[in-house]
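One-letter residues, chain by chain:
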Amino acid sequence: MKIKSKIWIESEEGVLISEGRVHLLKLIDETGSLNKAAKAMNLSYQKAWKLVDESNKAASSPLITTQIGGSKGGGTVLTPYGKSLIASFESINRACWEYLDEQLKKQNL
């Protein structure tokens, strides 16, 4: 038996971070491109941008930044805040799953 749950963190401005947004941000970090990350998730660029933009508006600092120029052209990278937000969310999510699994074990289902 397994318990299922999803969490996300919101501010007054909207959703700050969720599992889906973490996945998108990690793909941006891996590929260096919002467009490539969107394609990997089968999202339109517009939808991916909307998700990141909503998170940026809910955040205290930007999650991504655009690099211009260089030998590879431009690209998108996570900010230090974006990376710390992913780490914090994953830590909270892991703790929630551990707690929920413990609670399920206590029940006589």
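For the structure given in this document, a descriptive report is provided here. Every value quoted in this text rests on a predicted model; they were computed, and no experiment measured them. (Residues numbered from 1 in each chain as written. Predicted model: local features only at pLDDT ≥ 70, side-chain atom pairs only at ≥ 80, totals over all residues. Heavy atoms only, no water.)

## Let's talk about the overall build of the protein chain
Phase 1: The secondary structure content of the protein chain amounts to four helices and four strands.
Phase 2: Taken from N to C terminus, the helices and strands of the protein chain fall in the order β-β-α-α-α-β-β-α.
Phase 3: Across its three principal axes, the protein chain shows a C-alpha extent of roughly 60 × 30 × 20 Å.
Phase 4: Burial analysis of the protein chain (109 residues in total) assigns 29% to the buried set.
Phase 5: Taking all contacts inside the protein chain whose residues are at least 6 apart in sequence as the whole, residues at least 24 apart take part in 47%.
Phase 6: Of the roughly 7300 Å² of accessible surface on the protein chain, 52% is carried by carbon and sulfur atoms.
Phase 7: A gap of 7 Å separates the mean positions of the 15 positive and 12 negative side-chain charges of the protein chain. (Helix = DSSP H or I, 4+ residues; strand = E, 2+ residues; numbered from the N terminus. Buried < 20%, exposed > 50% of the residue type's maximum accessible area, 1.4 Å probe, protein only. Contact = heavy atoms within 4.5 Å. Areas by Shrake-Rupley, 256 points an atom, 1.4 Å probe, with all protein chains shown as cover. Lys, Arg positive; Asp, Glu negative; His and termini not counted. Charge placed at Lys NZ, Arg CZ, Asp CG, Glu CD.)

## Topic: the pattern of salt bridges
Phase 1: Within the structure shown, the criterion is met by four salt bridges.
Phase 2: The partner of Glu 54 in a salt bridge is Arg 21, with the nearest N and O atoms 3.0 Å apart. Residue Glu 54 is found in helix 3 (residues 45-58), and its partner Arg 21 is found in helix 1 (residues 19-31); the two are separated by 33 residues along the sequence.
Phase 3: Judged by relative accessible area, Glu 54 falls into the partly exposed class, the value being 30%. (Salt bridge = Lys/Arg side-chain N within 4 Å of Asp/Glu carboxyl O.)

## A word on the side chain of Arg 21
Phase 1: For Arg 21, a relative accessible area of 9% translates into the label buried.
Phase 2: A polar contact is formed between the side chain of Arg 21 and the backbone oxygen of Leu 51, at a distance of 3.1 Å. (Polar contact = N/O pair within 3.5 Å; in protein donor to acceptor, adjacent residues only side chain to side chain.)

## Here we look at the environment of Thr 31
Phase 1: By secondary structure assignment, the location of Thr 31 is in helix 1.
Phase 2: Spatially, the C-alpha atoms of Thr 31 and Val 77 are 8.8 Å apart, while their sequence positions differ by 46 residues.
Phase 3: Setting aside its immediate chain neighbours within four residues, Thr 31 contacts Lys 36 and Ala 37.
Phase 4: A distance of 3.0 Å separates the side chain of Thr 31 from the backbone oxygen of Ser 33, its partner in a polar contact.

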